[in-house]
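What follows is the residue order along each chain.
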Amino acid sequence: MKLHRILLAPSLGTILIFMALPIAITALYSVLTPAQYGGVIWEPSAEAYVRLLFERDIFDDTLAFNTDYLQILGRSVMQAGIATVLCLVIGLPTAWFIATRPAGQKSFWLILVTVSYWVNLLVRTIALLLILRDEGPINGALQSPGLTDAPLPLAYNNFAIGLGLVSSFLPFMILPLYAAIERFDFSLLEAAYDLHANRRKAFFAVVLPILRPGLIAGGLLVFIPGIGSYLAPDILGGGKTLMLGNLIGMQFQGSRNWLFGAALSTILMAITLIALFIVARRAAREET
Amino acid sequence: MALLDTRSKDIRNLPGFGLTATLAVAFLYAPILFLVLYSFNSGRSISRLDGVSLRWYAEVFANEEIGGAALNSVLLALIAASLATVMATAAALAMVRMKVRRKAATYAVLNFPLMVPEIVTAVATLIFFSTIGIGLGFGALAIAHTTFCIPFACLPIAARLTSMDPAFEAAAADRFARPLTRFRLITLPLLAFIVSLDDFIISSMLSGAGSTTLPVHIYSMLRLGITPEVNGVVADGRRLRPCRHRLRADRPQTKLKGSHIRALAILLLTAAPAFAEGDLFIYTWGEYTPPDLVAKFEAEFGVKVHIDSYDSMKTMIAKLRAGGAGYDIIVPGDATMQVLIAEDMVEKIDVFAMPNFANVDDKWREVYWDPKREYSAPWAWGSTAFAVDTDVVKGDYSSLAVLFDPAEEVKGRINMLRDMNDVINMAERYLGVPRCSENPDEMKRVLELLETQKEWVKSYDSETKELLVSGEAVVSMSWNGYAMRARDEKPSVVYVYPKEGYTGWMDNVAVPKGAPNMDNAKAWVNFVMAPENAAMITNYARYSNGIKGSEAFIEPALAAAPEINPPADAPAPEFIPTCSPEATALIDKVWTKLMN
C-alpha cells in the first residue's frame, strides 16, 4: 500500500497542484472585485458575470441586457457540436474500415491517421488556409476550366472554421472508435444473422451499442478542445468572428481584464464538466 | 453455412466505408502535402510552381531566431515528455493492482488535464504563477507542459499494463508481439512529446526571457509578416517559410537517435547558466532586429544576445505585468511607452546623457511619450495608412473612401489590420470624429460605419504584404514598411497617404524594471543610436530610424522610396497618445460588437 502511494504521489500531486489548484484559483478570481489597474481587490463581486449578460451604461450606470457574449458562447458550442457530428460521420466509417482490414494493412492505416496528427496544429491550420484561399489550388482548379467564374468564398468564414476544427480533431475521433471496433466480437453479428437481422438492423442493434464507449470518448475528445479552440477561428476565420477561446485570450493579452477572462474560463470549464457529467451519468445508467 | 460466411464478410466491408476512409486520410494530408510541395518551390509564389529549390530550407536554417525557438521547443518537449513518462509509468504500475473503486478515482484525476480545454489551462496557470509570484519563462513552461503531458504518457502505458493478465504476460509477450502492439508501445509514449511540441496557447502565455517556442515564434511572424532578409536580399514565403521549417523540425522526433539525445543532454546542461553575466535578453517584434546588428554587438561587447518575439504590444505588456519575465530590452511603441512610464514599469536610464544621444534627430528628442528622453531611445518610426493594387483599383484613391465606400471591384477584397485602435482611428478620420472620443453617439457612428464595411472586408489580418502580393486583397490597411515589401514583389502596389490623415508611430528601445543585465542593456541602447547601426535597422526592417547621419549608410533604393518619403502635399502623421479609460472602454465595446 505504501509503495503504491509513493508511486502515485508525483503524478497525482503534479496534476492537483499545477492543474486543479490553478483552476480553483481562477474560479475564485472570477468572483472578486477588479482593481483600477488590472489587479484584484479581495472582496466578493459578481461584476464579471454581470458583464457577461448585461451592458453597463457608462453615463447613468444602468444595466441593459446584452447578448454579445452569449452569442459568442452559443457560436462556440454550435461550431464544436457541428464539428463533433461531422467527425463522427467521417470517423465511424473510417475507423470501421481500418479495424476490419487484415493486420498488416491495419497498422498502415493507423500510422497514416496518427502521423498526420504529429504535424504541428498551427502548421496544419495555416496550410488549410492556403488551400482554401481565393488564390489557392481549389479555387484555381475550379476556375481554370471555367467551372466557376468567381472564386468560391471558402476561407475566412464559419465554413473554414468548421473545416479547420474537423481536420484538427478527426484523429481524436477515429482512434478511440477504432479501439472499440477492434475489440468487437464479430461472432455476435453472426448470431444476429442467425436471428434473421438484416445488415442494417444488425449494425444499429448490435454494433452501435457496443461501440458506445468509443463514441463517447471520441465525442468528448473532439467537443471539448473544439469549444475552446483558438487557432482555427483566429487563422481560418480571418479574425472576423470570435469564439470563446479567442475571447478569453483577448482578456489576458489585449483588454487586460483578467477577472472577466477568469469568469469566461470558469464558464467554459463548467460547460466541460456538465458535458462530462451527463456522459458519465448516462454511462452509469446503462450499466445498471 | 456458406451463406452466413458471405453475409458476415459483408458487414466488414460496408459500401462506401473504404471510400470514406480514403477521403478522410486525403483530407488530413492534403494541406500538409501542399505545404511540403511548395516548400521546394524556387519562386516565392504559393499558387504557382516555378522550379525545384532548397533555398527556403537554407534560409530557415540560417535564421538564428528560428533556430533558437526550435531548440526551445524540442528541449521543452523532451523535458516535459521525460518527466511525464517517468511519473506516469510509476502511476500506472501502482494502478494495475488497485481496487476497482480507488482505481476509477485515480484514473479520473490522471485524465483530468485531458478534459480541460487548453485555453483554460493556459489562463489558470498564468493566474496561478503570477499569484504565487513565480516568474514566467522556461521553468513555468516546463511545469505546465509536464502537467498536461501526464495523461498522454499515462494512457498508453496503463492500457498496456492492464490489458495483460499477469499470468499470461510472459507467454503473450513471446508469442503475440505483433507489429501493431509494438507500434502502440513505441509510438504512444511519444505522444507526450508531440503534444508538448504542438502546444501554442499555453506556451504563448507562459513564455519568458529566452523561452519562445517555435509555434509561438511562427505565430508572431504570421501576425507581423516582417521578413528576415539577409544582406538585403528581398525574399519571402513569409507564411510558408517558418512552416516549412516546422515540418522539418517535426521530423527528427520520429527517429530521435542516441546522438541527438546526447547532444540535447549537453545542451540541457549548458543551458542552465543562461543568466550569466554576458547575456542580453531582448523582447521585441519577430524579425525586427537585424542579425548583423546583433553580431556586431556581440563581437564588440562579448555578450550573447537572445531574442524573443511577441505578436502584439499587448502581449508584451501582459507579460511584463505578469511579472518577472526576465527581459533586458523591450521595444514599445509611443503610446505604450507612455503607459509603461506612467505605471513605473521601465527603468530610468537617462538616455539623454548617453554619448550617442547627440545623433538623435531633433524632432525625436522632445516627444510626448518621453519628454526628456530619460527612458527610451528611438528604434524606428513609420506610419499606418493603406495600400492599393493599382492594377485593380482605378481612379482617385487618395481618400479613405476607397476602404469605407468601396467601388464594386474592391468589395470583398479589403483587408483591415487586426488592431482595434488602428481600425477605429481610421474610421474616426473618415467620419471626422476625434481620436479617443468619449462620446457614445460618435462611437456608435463609428461602429455603424465599420459594421457596414465588414460586409466588404475579406479579413482582419496583420499580414498585409502577403495578402496584397497574392492578390487576396486589393486594398489593405498597411504599415509603410510592409507596403514597400509588397511593392518589391508586386510593382503595382502603391502606399497611400490619405488626405483625411494617418497615424504615425515610433518604436523605442527601453529597459523594463528589474532587468537582470542592466549594463548590457544600457550598452545596447547607446549602441543603436550610432548612425551606422541605426542604418542597419532601416535596411533590415524598412522603416526610418530617428538618427542623424544614418542616411549615408542606407541603401540608395530604400532612401528614395515613396513609402519613407511622403509627398509634399501629404498631411503630417498624427501621433496618438493613450486614450482615457472611458474612451478605451468605448473602443473595446465597438471592437467586441464588430467581431460578433
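What counts, and at which threshold
Residues numbered from 1 in each chain as written. Chains lettered and ligands numbered in written order. Predicted model: local features only at pLDDT ≥ 70, side-chain atom pairs only at ≥ 80, totals over all residues. Helix = DSSP H or I, 4+ residues; strand = E, 2+ residues; numbered from the N terminus. Contact = placed C-beta atoms within 7 Å. pLDDT = per-residue confidence, 0-100. Core = buried A, V, L, I, M, F, W, Y, C linked by C-beta atoms within 7 Å. Buried ≥ 20, exposed ≤ 12 C-beta atoms within 10 Å, placed from the backbone. Pairing = 2+ DSSP bridges. Axes fitted to C-alpha atoms, helices over the stretch in contact; angles between N-to-C directions. Parallel < 35°, antiparallel > 145°, perpendicular 65-115°, else oblique. Nonpolar A, V, L, I, M, F, W, Y, C, P; charged D, E, K, R; others polar.

Tallying secondary structure elements over chain A gives 12 helices and 4 strands in all. Projecting the C-alpha coordinates of chain A onto the three principal axes gives extents of approximately 75 × 70 × 35 Å. Considering only contacts in chain A between residues 6 or more positions apart, those separated by 24 or more positions represent 66%.

Reading fine detail from the predicted coordinates is not recommended where pLDDT is low. Summarising the model, chain A shows a mean pLDDT of 82, and 93% of its residues fall at 70 or more. Across chain A, the secondary-structure element scoring lowest on mean pLDDT is strand S3 (residues 54–56) of chain A, at 73, and the one scoring highest is helix H3 (residues 68–99) of chain A, at 91.

With that settled, the discussion passes to the nonpolar core. Counting 246 residues, the largest nonpolar core has Phe169(A), Ala84(B), Ala91(B), Cys149(B), Ile329(B) and Val475(B) as the members making the most contacts within it. Element by element, the count of residues in this core is highest for helix H4 (residues 64–96) of chain B, at 19 residues. Ignoring any residue separated from it by four or fewer positions in sequence, one finds Ala84(B) in contact with Thr146(B), Cys149(B), Ile150(B), Ala153(B) and Ala192(B).

Glancing now at the pairing of strand S2 (residues 304–310) of chain B. Residues and elements named next belong to chain B. Along S2, 6 of the 7 residues are buried, which leaves the element largely enclosed by surrounding structure. Across 7 bridges, strand S1 (residues 279–285) lies against S2 in parallel orientation. Residue pairing in the sheet places Phe281 in a bridge with His306 of S2.

So, about the interface of chain A and chain B. The interface is formed by 93 residues belonging to chain A together with 98 residues belonging to chain B. Counting residues per element, the side of chain A that touches chain B draws most heavily on helix H1 (residues 2–29) of chain A, which supplies 17 residues.

Residues and elements named next belong to chain B. Within the open sheet, the 3 strands sit side by side as S2-S1-S3. Their pairing is parallel. A single partner strand is all that each edge strand has here, and the edge strands are S2 and strand S3 (329–330). Pairing of S1 with S3, which is carried by 2 bridges, proceeds in the parallel orientation. Note on S3: the bridge partner recorded for Ile282 is Ile329.

Residue and element names in this part refer to chain B. Taking burial as the measure, the 5 residues of strand S7 (residues 475–479) include 5 buried ones, the bulk of the element. Neither face of S7 is open: one carries Val475, Met477 and Trp479, the other Ser476 and Ser478, and all of them are buried. Where strand S4 (residues 377–389) and S7 come together, 5 bridges link them in antiparallel fashion. Its bridge partner lying in S7, Val388 is registered against Val475.

Another aspect to go through is the packing of helix H18 (residues 420–431) of chain B against helix H19 (residues 440–454) of chain B. All names here are of chain B. Viewed as axis vectors pointing N to C, H18 and H19 meet at an angle of 105 degrees, and their least axial separation amounts to 10 Å. Relative to H19, the element H18 lies roughly perpendicular. Between H18 and H19, the contacting residues are Val423, Ile424, Ala427, Glu428, Tyr430 and Leu431 on the first element and Arg445, Val446, Leu449 and Leu450 on the second. For the contact of H18 with H19, a count of residues per class yields 8 nonpolar, no polar and 2 charged.

In this section: unusual backbone geometry. Residue and element names in this part refer to chain B. The backbone of Asp344 shows a phi angle near 60 degrees, a positive value even though the residue is not glycine. Structurally, the position occupied by Asp344 is in the loop between helix H16 (334–342) and S4. The backbone of Arg373 shows a phi angle near 55 degrees, a positive value even though the residue is not glycine. Relative to the helices and strands, Arg373 is located in the loop between H16 and S4.

Residue and element names in this part refer to chain B. Looking at chain B, pLDDT values average 78 and 79% of them are 70 or higher. In the model, residues 164–183 has pLDDT below 50 throughout and makes 11 contacts with residues more than four positions away in sequence or in other chains. Note that pLDDT drops below 50 for residues 224–276; the model gives that stretch 94 contacts with residues more than four away or on any other chain. Per the prediction output, this complex has pTM 0.73; the corresponding ipTM is 0.86.

This part covers the environment of Lys458(B). Turning to its location among the elements, Lys458(B) is positioned in strand S6 (residues 457–460). For the pair Lys458(B) and Asn415(B), spaced 43 residues apart in sequence, the C-alpha to C-alpha distance is 5.7 Å. Not counting residues within four places of it along the chain, the set of residues in contact with Lys458(B) comprises Tyr156(A), Gly238(A), Gly412(B), Arg413(B), Ile414(B), Asn415(B), Glu472(B) and Ala473(B).

Once that is clear, we can look at the environment of Leu28(B). Looking at the secondary structure, you find Leu28(B) in helix H2 (residues 17–39). C-beta crowding within 10 Å serves as the criterion here: with 23 such atoms nearby, Leu28(B) is assigned to the buried category. With residues near it in sequence (within four places) discarded, Leu28(B) still touches Ser116(A), Ser167(A) and Leu170(A).

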